[in-house]
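# Summary of structural features
Each chain is listed here by its residues.
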Amino acid sequence: MSVLVFVEGDELSLQALTLARTLGEVKAVTLDGPYAPAAWAAAIVEASRGMDAIVAAGSDHGNELLAHVAARLDQPFAANVTAVDGDVVTRVRWGGSLIEQARLHGSPKILTVAPHTQPAAEAVPVERLVVPADADASVRVLETVSESGGGVSLRDAKVVVSGGRGVGSAEGFAIIEELAGLLGGAVGCSRVVTSAGWRPHADQVGQTGTKISADLYVACGISGATQHIAGAKGAKKILAINDDAEAPIFASADYAVVGDLHEIVPAISAELRRVRGQ
Amino acid sequence: MRILVCVKRVPMTGGKMVLTADEQAIETKHLGFTISPHEECGVEEAVRLVEAHGGETVVLTLGPAEAEEQLRDCMATGADRGILLKTDGADWDAQSTASAIVDAVRTLQEDAAPFDLILFGNESADTGNYQVGIRVAHALGLPVVNGLKKIELQDGSVRCERDAGGARDVYVVPTPAVLSVLEGLNLPRYPSVPGRLRAKGKPLAVVEPARPAQKLEKLRLVVPPGQGKQAEILGRGPEAAAKVVELMQSLGVA
């Protein structure tokens, strides 16, 4: 089987290569210049003539480009696949909270690879494609503007201290901010909190927010809905602080403290200061 | 301004995924339903644009008869009317969903002005196929931009911003256009009681499209392993602080 793989210079593309290689002989391609999804997809379609499968990372760009490719070819497209067995793909639903097995009909097989489900492959030679002259590049990135906002990025922070409904108010986040500050970490929150307007959406950890990769995630007053866990499960360890010993978060956490976060969180900050001799 | 927003009825899954015995669906006996979070922002954006520029927001869904509940919810927060592409409750793959929406849009535009914007959530909360909006745009010959966190209407075009790793990519596309949006685009309003009452009287059209053969054909669902971990209890109340700090030190984060 011949497999066309679209790669960008990122880790997720190397992970996609790993799965692609289990399917057959791989040809890796890329594009450069301003990102133009429909036009880039036209180039990928050209390059895919005679190929049996088209693969990319299940990234923002990868999912978008292969959706365009599939639309152009009028073929099905399976996003965020973790394994392939003949015509049957295993893919993630609900941001990873549920797995689906599905038969992917059609040819070529078009699929993206779910992030962080494969080891990264070693880099391979990559052919640079050219956008066909007749492709419509009118939808393209015209400029990139920097975002204001300093502090530690939620996605890359080593520690994330996060608050949920149990925090009770926007003002209640002062103790969360204090602990995050002491640890040099970022403040996160659940969807309930952003929907209530207590914190900006940029702070949301979850399926529709940021997916974190911290060494430690401290979830305070968060019940642990699947939508939230989908964003938190990339953390190496999860410590949950909750006054409800039956909260679902404890089934996703490695460590638990049961009790009122309004007492426990300041006590942790005080203890940190004490051991540091502050 | 005429705006179509496409939404999907999904269960509010809570803390745990439980499947039906045939492994074909989530057990929803004890669950409420909503629409995908990204789509809530799509509805809100459409309603705000129509409030500012005049016009009409139409909300469309493909789903079972019960999905009327989600259309009425959208109408309670300001959408003017609803279209239900009624199914028997079976899943439709992304290709057949897009195709049914394209047919509906063509019909809706036969005797009315074309939509200036067709809004989708970037991906649905449940199946996460990342493609319906793009397929609809291709079939209708419209430009499409994905992943949007900001939309500004200009004269005959729309300026869009999308997250790009700590920065924002900017696109400007002519209308009519298809836009796929993300949560965070705005903060959706809650329905008011008068809004809910008004929603009951708003027009809702029902169409029953035929379900074609599925090309991404669901075979079974599986709950991934890892749910149901047993957390190690460090303690109860503020007295646990010392143990927590010890843990943080052992993990190298304190």
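Residues numbered from 1 in each chain as written. Chains lettered and ligands numbered in written order. Predicted model: local features only at pLDDT ≥ 70, side-chain atom pairs only at ≥ 80, totals over all residues.

### A word on the overall build of chain A
The condition is simple: Each helix is a run of H or I in the DSSP string that is no shorter than four residues. Each strand is a run of E no shorter than two, and both are numbered from the N terminus. In this scheme every C-beta is placed from the backbone, and a residue whose C-beta has 20 or more other C-beta atoms within 10 Å is buried, one with 12 or fewer is exposed, and one in between is partly exposed.
Assigned secondary structure in chain A consists of seven helices and 14 strands. Seen along its three principal axes, the alpha-carbon backbone of chain A occupies a region of about 65 × 40 × 35 Å. Here chain A holds 278 residues, and the buried ones make up 56% of them.

### Quick word on the domain arrangement of chain A
All names here are of chain A. Stated precisely, the cut-off is as follows: Boundaries between domains were set according to an automatic or database domain assignment. What counts as a contact here is a pair of residues whose C-beta atoms, placed from the backbone, lie within 7 Å. Under the convention adopted here, Pro, Cys and the residues Ala, Val, Leu, Ile, Met, Phe, Trp and Tyr are nonpolar, Asp, Glu, Lys and Arg are charged, and Gly plus all remaining residues are polar.
The domains assigned to chain A are domain 1 (2-128) and domain 2 (159-275). Every contact between the two is made by four residues of domain 1 and, on the other side, five residues of domain 2. Taken together, the residues of the side of domain 1 that touches domain 2 sort by class into one nonpolar, three polar and no charged.

### A word on the sheet that holds strand β12 (residues 216-222) of chain B
Heads up, the condition is: One bridge is not enough; two strands pair if DSSP finds at least two bridges between them. In this analysis an axis means a line fitted to C-alpha atoms, helices contributing only their contacting stretch, and an angle means the value between N-to-C directions, from 0 to 180 degrees.
Pairing is mixed across the open sheet formed by nine strands, whose spatial order is β8(A)-β2(A)-β1(A)-β3(A)-β7(A)-β4(A)-β5(A)-β6(A)-β12(B). The sheet is open, and its two borders are formed by β8 (126-128) of chain A together with β12 of chain B, each paired with just one other strand. Looking at each pair of strands side by side, their axes are set apart by 35 degrees on average, direction ignored. Where strand β3 (residues 53-57) of chain A and strand β7 (residues 109-113) of chain A come together, five bridges link them in parallel fashion. Note that in β7 of chain A the partner of A56 of chain A across the bridge is T112 of chain A.

### Some remarks on unusual backbone geometry
For the peptide bond that leads from S107 of chain A to P108 of chain A, omega is -5 degrees, which places it in the cis range. Considering the arrangement of structural elements, one finds P108 of chain A in the loop between β6 (98-104) and β7. Of note, the amide linkage connecting T175 of chain B to P176 of chain B takes the cis form, showing an omega dihedral of 0 degrees. Positionally, P176 of chain B belongs in the loop between β9 (167-174) and β10 (177-181). Phi angles above zero are rare outside glycine, and E23 of chain B is one such case at about 60 degrees. In this structure, E23 of chain B sits in the loop between β2 (9-11) and β3 (33-35).

### A word on the nonpolar core
Looking at soluble globular proteins, one finds that nonpolar side chains tend to be buried together. Residue and element names in this part refer to chain A. Test applied: Think of a nonpolar core as buried Ala, Val, Leu, Ile, Met, Phe, Trp, Tyr and Cys residues chained together by C-beta atoms that fall within 7 Å.
Counting residues in hydrophobic clusters, the biggest one holds 170 residues, and the most contacted among them are V5, V55 and A219. In terms of residue count, helix α2 (residues 37-47) provides more of this core than any other element does, seven residues in total. Residue-level mapping places this core at the junction of two domains, with at least three residues from each of domain 1 (2-128) and domain 2 (159-275). With residues near it in sequence (within four places) discarded, A219 still touches S162, A232, I238, A240, I241, I249 and A253.

### Regarding the interface of chain B and chain A
Many analyses report the size of an interface as the accessible area lost when the parts associate. Contact residues are listed per partner, giving 68 residues for chain B and 74 residues for chain A. Broken down by secondary-structure element, the contributors of at least two residues to the side of chain B that touches chain A are α1 (37-53), α4 (132-140), β7 (144-154), β9, β12, β13 (225-228), β14 (232-236) and α6 (241-250) of chain B. Split into classes, the residues belonging to the side of chain B that touches chain A amount to 35 nonpolar, 19 polar and 14 charged. In terms of strand pairing, β6 of chain A meets β12 of chain B through six bridges, oriented antiparallel. Residue pairing for β12 of chain B: L104 of chain A is matched across the bridge by L216 of chain B.

### A few points about helix α1 (residues 11-23) of chain A
Residue pairs three or four apart in sequence face the same way in an α-helix, which turns once every 3.6 residues. The set of residues buried in α1 of chain A consists of L12, S13, Q15, A16, L17, L19 and A20 of chain A. Summarising the contacts, the buried residues of α1 of chain A are in contact with β1 (2-6), β2 (25-30), β3 and β7 of chain A.

### Digging into the packing of helix α4 (residues 174-182) of chain A against helix α7 (residues 261-275) of chain A
Residue and element names in this part refer to chain A. To keep it simple, the criterion reads: In this scheme, roughly parallel covers angles under 35 degrees and roughly antiparallel covers those over 145, while 65 to 115 is roughly perpendicular and the rest are oblique. In this scheme the handedness of a crossing depends on how the near helix is turned from the far one: anticlockwise by less than a right angle means left-handed, clockwise means right-handed.
One can describe the packing of α4 onto α7 by two numbers: an axis separation of 9 Å at closest approach and a directional angle of 25 degrees. With respect to α7, the axis of α4 lies roughly parallel. For the pair α4 and α7, the sense of crossing is left-handed. Together, I175, I176, E178, L179 and L182 of α4 and H262, V265, P266, I268, S269 and L272 of α7 make up the contact between the two elements. Considered class by class, the residues forming the contact of α4 with α7 number eight nonpolar, two polar and one charged.

### Looking at the sheet that holds β7 of chain B
Pairing in this open sheet of 10 strands is mixed, and the strands run β9(A)-β9(B)-β8(B)-β7(B)-β10(B)-β6(B)-β1(B)-β4(B)-β5(B)-β11(B) from one edge to the other. Where the open sheet ends on each side, the last strands, each with one partner, are β9 (143-146) of chain A together with β11 (204-207) of chain B. Going across the sheet, the axis of each strand differs from the next one's by a mean of 30 degrees, ignoring polarity. As defined by bridge partners, β7 of chain B adjoins strand β8 (residues 157-163) of chain B across six bridges and the pair is classed as antiparallel. Paired with L153 of chain B across the bridge in β8 of chain B is V158 of chain B.

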